[in-house]
Each structure stands twice: as C-alpha cells, then as structure tokens.
Amino acid sequence: MAGQMLARWLDCGLDPSRVTVLRPSGRAVAEGVAVLTDYPEKLEPGTTVLLGMKPYQLADVAARLAPLCRADTAILSILAGTPLASLRAQFPAPQSIVRAMPNLPVGLGEGVTALFTDEATPPESRAQAGALIEPLGLAEWIGDEALFNAITALSGCGPAFLFRFVDALARAGEAIGIPVDQAARMALATVQGSANMAARARVSPATLADQVASPGGMTREGLNVLDADERLLTLLTDTLAAARDRGEAMARGA
Ligand SMILES: NC(=O)c1ccc[n+]([C@@H]2O[C@H](COP(=O)([O-])OP(=O)(O)OC[C@H]3O[C@@H](n4cnc5c(N)ncnc54)[C@H](OP(=O)(O)O)[C@@H]3O)[C@@H](O)[C@H]2O)c1
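Residues numbered from 1 in each chain as written. Predicted model: local features only at pLDDT ≥ 70, side-chain atom pairs only at ≥ 80, totals over all residues. Heavy atoms only, no water.

1. Looking at the overall build of the protein chain
Working step 1: For the protein chain, the helix and strand inventory stands at ten helices and seven strands.
Working step 2: In terms of its C-alpha atoms, the protein chain occupies a principal-axis envelope of roughly 70 × 40 × 35 Å.
Working step 3: Burial analysis of the protein chain (254 residues in total) assigns 30% to the buried set.
Working step 4: Expressed as a percentage of contacts within the protein chain between residues at least 6 apart in sequence, the contacts between residues at least 24 apart total 56%.
Working step 5: Per element, the accessible surface of the protein chain, about 15,500 Å² overall, is 57% carbon and sulfur.
Working step 6: Side-chain charges in the protein chain split into 21 positive and 27 negative, and the spacing between the mean points of these groups amounts to 3 Å. (Helix = DSSP H or I, 4+ residues; strand = E, 2+ residues; numbered from the N terminus. Buried < 20%, exposed > 50% of the residue type's maximum accessible area, 1.4 Å probe, protein only. Contact = heavy atoms within 4.5 Å. Areas by Shrake-Rupley, 256 points an atom, 1.4 Å probe, with all protein chains shown as cover. Lys, Arg positive; Asp, Glu negative; His and termini not counted. Charge placed at Lys NZ, Arg CZ, Asp CG, Glu CD.)

2. Quick look at the UniProt feature "domain: Pyrroline-5-carboxylate reductase dimerisation" (unreviewed entry) in the protein chain
Working step 1: Here, the residues flagged by UniProt with the feature "domain: Pyrroline-5-carboxylate reductase dimerisation" (unreviewed entry) are residues 145-249.
Working step 2: Across residues 145-249, the secondary structure splits into 81% helix and 0% strand, with the terminal C-alpha atoms separated by 15 Å. (UniProt positions renumbered as here; feature names shortened; annotations may be inferred.)

3. Focus on the packing of helix α5 (residues 148-156) against helix α6 (residues 158-175)
Working step 1: Following both chains from N to C, one finds α5 and α6 inclined at 40 degrees, their axes separated by 5 Å at the closest point. Contacts between α5 and α6 involve A153, L154, S155 and G156 from the former and G158, P159 and F161 from the latter.
Working step 2: Taken together, the residues that form the contact of α5 with α6 break down as four nonpolar, three polar and no charged. (Axes fitted to C-alpha atoms, helices over the stretch in contact; angles between N-to-C directions. Nonpolar A, V, L, I, M, F, W, Y, C, P; charged D, E, K, R; others polar.)

4. A few points about the sheet that holds strand β6 (residues 111-116)
Working step 1: What the five strands build is an open sheet, ordered β3-β4-β5-β6-β7; its pairing is mixed. The open sheet is flanked by β3 (48-51) and β7 (137-141), the only strands paired with a single partner. When the angles between neighbouring strand axes are averaged without regard to direction, this sheet yields 25 degrees.
Working step 2: Pairing of strand β4 (residues 74-77) with strand β5 (residues 96-101), which is carried by four bridges, proceeds in the parallel orientation. Opposite A74, over in β5, you have S96 as the bridge partner.
Working step 3: Across the face of the sheet, α5 comes into contact with β5 and β6 while running at roughly 45 degrees to β5. (Pairing = 2+ DSSP bridges.)

5. Let's talk about the nonpolar core
Working step 1: Judged by nonpolar contacts, the single largest core of 23 residues is most densely connected at L51, L58, L65, I75 and F91.
Working step 2: In terms of residue count, the dominant contributor to this core is helix α2 (residues 58-65) (four residues).
Working step 3: Other than its neighbours up to four places away in sequence, L58 contacts L51, M53, L79, T82, S86, L87, Q90 and F91.
Working step 4: Among the nonpolar cores identified, the runner-up in size contains eleven residues, and M5, L76, I78 and L115 belong to it. (Core = buried A, V, L, I, M, F, W, Y, C linked by side-chain atoms within 4.5 Å.)

6. Describing the pairing of β5
Working step 1: Of all six residues making up β5, six are buried, and the element is well covered by its neighbours.
Working step 2: Burial of the side chains of β5 extends over both faces: S96, V98 and A100 are buried on one face and I97, R99 and M101 on the other.
Working step 3: Read from β4 through helix α3 (residues 84-90) to β5, the crossover connection turns out right-handed. (Right-handed = clockwise from strand over helix to strand, strands pointing away.)

7. As for unusual backbone geometry
Working step 1: Phi is positive for D229, close to 55 degrees, though the residue is something other than glycine.
Working step 2: Residue position: D229 is located in the loop between α9 (218-227) and α10 (231-251).
Working step 3: On the accessibility criterion, D229 (74% relative accessible area) is exposed.
Working step 4: Despite not being glycine, E230 shows a phi value in the positive range, around 50 degrees.
Working step 5: In this structure, E230 sits in the loop between α9 and α10.
Working step 6: Taking the relative accessible area as the measure of exposure, E230 reaches 48% and is therefore partly exposed.

Structural data, given as structure tokens:
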C-alpha cells in the first residue's frame, strides 16, 4: 500500500532523494530512492515517517523507531485497526500523528484516503498531512475516530469488494454462455465505463440504474433479483460490517 502512495508522489514530482524506505527485504523501490534494511542513527529535523508495515508489528517497530523521533517528527500511519491513542502511546515525542486510510487506486491518483487526527496535532501539521494526501485522489477528514473502521471497510477494503464483483459479473456471464475471455473483458469495461459515468453524472447512481431499465424491459427483471428483500444491500451491509468488526477486534489486540 505504501508503495502505491510513493509511486503517485514520485509521479507528481516528489524528489526521490528526499525519500528513504526501510524494508527488511531491502528490495529496490524506485530510481533515486534510498532503501535501508535497518534503522538509521537519527532522523533529520521535520522528517515525516509513514508507517506502512502490518498493524501487529507496531510495538516492535516503535521500540526501534520511537527513540529516533523528535517533537517535530510527523507520523502518518496507514495501519488498519490501530487507534490514534495506541500510536501516541508508542510514539510519545511527535506532536503530529495522523491516521490515514488510503486504498490501492491512490497509485493512479484515483484513490480515497480517510484522515483523522487529534487536538495534539498542530493545525499546520494537519494541513501538511492534507497537502501530502491531496494528489492521491479524494481525501476525507473524519471527525469521529469511532467511524474509522467503518470507513476503512467502505473505502480501504472497497477495492477488494469491487474486484470480487467484477469477477462475479464475468463468471455469471460465463454461466449463461458467454465465452470466458469475452465475459471477463466485457465485465471489466462495463464497470469501468459505468463508474466513470456515475462520477460525472448529475444524478445519483440509484437514478442511473433506473435510467438503464427500460419499462417492461430486460434490466428491470435483473434489478428485481438484486432488489428482492434488499438482497444486494443486505449482502453489502453484512460485508462492510464484517470488515469493520475485524478492525474493532484488531484495535482490541485480537
Ligand atoms: N493493502 C491495502 O489495500 C491497504 C489499504 C490501507 C491500509 N493498509 C495498511 O497498510 C499496511 C501494509 O499492508 P500491505 O497490504 O501493504 O502489506 P505488505 O504489502 O505486506 O507490505 C508490508 C510492508 O511492511 C514492510 N515490513 C515488514 N516488516 C517490517 C518491519 N519490521 N519494519 C518495517 N517495515 C516492515 C514490508 O517490507 P518488505 O517488502 O521488505 O517485506 C512491506 O514493504 C497494513 O498496516 C494495512 O493495514 C493496506
């Protein structure tokens, strides 16, 4: 995930010599970006640290990283299910700690990133974090951290649910006789074109769905299946709730 964010920042003109990536594998990241496999001796004043490892690694990483941090080090965490209070407990020195929840299309500048911080983060640091995220796509500040896991379920996990939908649309096409390759191409292009159209439309996606459905025609019969007993809505509500609940459990250390 962090690699997608970095790719977009580099595409937008970030000087690679200003970036250092710490990763155990030491794998190269991009031309001009320094890669370390162990912690440096110090951090430069005003360094922004993006935490992009797995959430369960927070304590181990903080044990090495927190002693290097200063009051003017800014922490940006993309760790799912990891509350700001946990980050503050692990990183006592930095004033600026911001939670960000990006999704994978940030690499194209077409992502969604939710942001949350607390009163301890100075307003100018909050603005800096917002400016950093802005080229990644839609950025949404969240007022209530209690919603962060729900928002993660919608936009952070959302691409996976959409990819599953595209796959299922193609397989359903195959199930009613369309050749497999053709069904895959047509499902993806249908979702891409429809998403682009919905993004530009003056009316809601719900209205657009009705506009596709000619009275007495084919689409309405299909929509009736999705709408019966709110099948699709129930399925997606259950999907988001399960993802959200996992975030809540992670926050409790499970
Ligand atoms: N995937 C998503 O769509 C998504 C969306 C939003 C947020 N997130 C969050 O992003 C984080 C990473 O998820 P991911 O899917 O990107 O996983 P990932 O592809 O496995 O990336 C994890 C990264 O952490 C590095 N790493 C492993 N151990 C480390 C250590 N001890 N110190 C420093 N870095 C270490 C790995 O380095 P190597 O490559 O060298 O092994 C790798 O670059 C998670 O906290 C997740 O909640 C993910």
